[in-house]
Amino acid sequence: KAGVTQTPRYLIKTRGQQVTLSCSPISGHRSVSWYQQTPGQGLQFLFEYFSETQRNKGNFPGRFSGRQFSNSRSEMNVSTLELGDSALYLCASSLGDGGPDTEAFFGQGTRLTVV
Amino acid sequence: AQTVTQSQPEMSVQEAETVTLSCTYDTSESDYYLFWYKQPPSRQMILVIRQEAYKQQNATENRFSVNFQKAAKSFSLKISDSQLGDAAMYFCAYRRNTGNQFYFGTGTSLTVIP
């Protein structure tokens with residue numbers, strides 16, 4: 001069974017540009033969550049999608065947006081990139097909507113560098 | 001709001017010895033889940049162990065066990081018979097009863113000394 005796939009693995013962008021990151025969850029999983037990981041701020045929650053609906057959103061500016069498609073694949077977009085957006089972006093895939101039988105599986109992340 | 005605190009930025013342990021990583025959390029909810037995740041240099045987060053708050057019995061997974069003190073809001077991880085492959089960053093995480101949003105601690109970097 002394939003794991004969570006994030007593409008691309010590495011990305012270098014220039015300030016002011018925009019970027020789109022992709023996450024393909026485990027087959028059958030309906031929930032996708034996104035996290036930003038930086039040395040200074042640690043792991044911070046960006047947003048969570050379940051069956052194409054955004055369930056929760058973290059405390060990030062509107063430049064950060066996301067969506068989930070009918071096949072559960074998710075994309076996140078960052079517009080007008082800033083140097084501080086340089087981070088590892090992690091995606092987590094879960095079968096259900098929380099509860100006792102839901103475990104989160106993480107992808108290997110996308111390393112975004114803004115120059 | 002839920003917060004998770006890991007007060008040990010770095011820990012080290014001799015191979016085959018036992019080490020305990022600390023974690024405290026703050027919540028007003030009664031039903032929730034706690035997790036320890038391991039992040040090796042490959043960056044992939046790997047679930048080590050999970051604990052349901054409604055269960056009094058401490059979770060155990062092979063060499064990994066937890067000490068869950070609900071009243072004290074404490075959730076420590078004990079690694080027995082430490083192995084070189086245990087070297088990684090360990091994150092304590094909280095998840096509410098519904099939804100899949102995790103609240104992570106700042107992590108503890110574990111070094112295993114041969």
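Here, every reference points to the structure presented above.
A quick note: this is a predicted structure, and the numbers were derived from the prediction, not measured.

A.B. asks: Let's hear about the overall build of chain A: which residues, and what values?
C.D. replies: For chain A, the count of helices and strands is zero helices and eleven strands. Reading the secondary structure of chain A in the N-to-C direction produces β-β-β-β-β-β-β-β-β-β-β. In summary, chain A has a C-alpha radius of gyration of 13 Å against a globular reference of 13 Å for 115 residues, a match within 12%. In terms of overall dimensions, chain A has C-alpha extents of about 40 × 25 × 25 Å along its principal axes. Counting only residues that meet the buried cut, chain A has 50% of its 115 residues in that class. Here chain A carries 11 positive and 8 negative side-chain charges, and the mean point of each set is 8 Å from the other.

A.B. asks: Help me get a handle on the layout of surface pockets, residues and values and all.
C.D. replies: Here the largest pocket is characterised by a volume of approximately 380 Å³. Around the largest pocket, the lining comprises 21 residues; the ones closest to its centre are Q37 of chain A together with Q39, M89, F91 and T106 of chain B. Of all the secondary-structure elements, those providing two or more residues to the lining of the largest pocket are β4 (31–38) of chain A together with β10 (88–96) of chain B. Looking at the lining of the largest pocket, the element that brings in the most residues is β10 of chain B, giving three residues. Classifying every residue of the lining of the largest pocket gives eight nonpolar, eleven polar and two charged. Computed from the structure, the second largest pocket encloses a volume of approximately 290 Å³. Forming the walls of the second largest pocket are 16 residues, and the residues nearest its centre are L43, Q44 and F45 of chain A together with Y103 and F104 of chain B. Looking at the lining of the second largest pocket, the elements that each hand over two or more residues are β5 (42–50) of chain A together with β1 (3–5) and β11 (102–104) of chain B. When grouped by side-chain class, the residues that make up the lining of the second largest pocket number eight nonpolar, eight polar and no charged.

A.B. asks: Residue-level account of the packing of aromatic side chains, with values.
C.D. replies: Using the criterion set out here, one finds 20 aromatic pairs over all chains in the structure. For the ring pair F106 of chain A and F104 of chain B, a centre distance of 6.2 Å and an interplane angle of 65° mean the geometry is edge-to-face. In this pair, F106 of chain A is assigned in strand β10 (residues 104–106) and F104 of chain B in strand β11, connecting two distinct chains. Among the residues examined, F104 of chain B registers a relative accessible area of 10% and is labelled buried. With 5.4 Å between their ring centres and 65° between their planes, Y25 of chain B and Y32 of chain B make a pair best called edge-to-face. By way of ring pairs, the aromatic residues Y35, F45 and F106 of chain A together with F35, Y37, F91, F102 and F104 of chain B are connected into one cluster. Just above the ring of Y33 of chain B sits the side chain of R95 of chain B; from NZ or CZ to the centre is 4.6 Å.

A.B. asks: Lay out the nonpolar core with the relevant residues and their values.
C.D. replies: One finds Y25, W36, F75, L77 and Y90 of chain B to be the most contacted residues of the largest nonpolar core, which totals 25 residues. Of all hydrophobic cores here, the second largest spans 21 residues; its members include L11, L46, F47 and L112 of chain A.

A.B. asks: Lay out the sheet that holds strand β1 (residues 5–7) of chain A with the relevant residues and their values.
C.D. replies: Residue and element names in this part refer to chain A. Spatially, four strands are ordered β1-β3-β8-β7 in an open sheet, and the strand pairing comes out antiparallel. A single partner strand is all that each edge strand has here, and the edge strands are β1 and β7 (64–68). The average undirected angle you get between the axes of adjacent strands in this sheet is 15°.

About the cut-offs
- Each residue is numbered by its place in its chain's sequence as written, counting from 1.
- A letter from A marks each chain and a number from 1 marks each ligand, given out in the order of writing.
- Under the rules for a predicted model, residues below a pLDDT of 70 receive no local features and side-chain atom pairs below 80 are neither given nor counted, while totals for whole chains, interfaces and linings still include all residues.
- By convention in this description, side-chain values take in all heavy atoms of the structure and omit both hydrogens and water.
- The helix and strand labels rest on DSSP assignments: H or I over at least four residues marks a helix, E over at least two residues marks a strand, and numbering proceeds from the N terminus.
- In this description the radius of gyration comes from C-alpha coordinates, and the expected globular size is given by 2.2 Å times residues to the power 0.38.
- For each residue, the accessible area found with a 1.4 Å probe, counting protein chains only, is set against the maximum for its type, and the residue is called buried under 20%, exposed over 50%, and partly exposed in between.
- For the purpose of counting charges, residues Lys and Arg are taken to be positive, whereas Asp and Glu are taken to be negative. His and the chain ends are not included.
- Here the site of a charge means NZ on Lys, CZ on Arg, CG on Asp, or CD on Glu.
- Residues are said to line a cavity or pocket when one of their atoms sits within 4 Å of a point; the points come from a 1 Å grid over protein atoms alone, cavities being sets where a 1.4 Å probe fits but cannot get out and pockets being open sets with protein on both sides within 12 Å along at least five of seven lines.
- Grid points are joined across faces, edges and corners, and a volume is the space filled by probe spheres set on the points.
- Under this grouping Gly is polar, as are all residues other than the nonpolar Ala, Val, Leu, Ile, Met, Phe, Trp, Tyr, Cys and Pro and the charged Asp, Glu, Lys and Arg.
- Between 30 and 60 degrees the pair is tilted, below 30 it is stacked and above 60 it is edge-to-face, where a pair is any two Phe, Tyr or Trp rings, Trp via its six-membered ring, whose centres lie within 6.5 Å.
- Should the NZ of a Lys or the CZ of an Arg lie within 6 Å of a ring centre and within 35 degrees of the ring normal, that charge is described as sitting over the ring.
- What we call a nonpolar core is a set of buried Ala, Val, Leu, Ile, Met, Phe, Trp, Tyr and Cys residues that are connected through their side-chain atoms within 4.5 Å.
- Being paired, for any two strands, means DSSP has found at least two bridges between them.
- Every axis corresponds to a line fitted to the C-alpha atoms, with the helix fit spanning only the stretch in contact, and the corresponding angles, defined between N-to-C directions, vary from 0 to 180 degrees.

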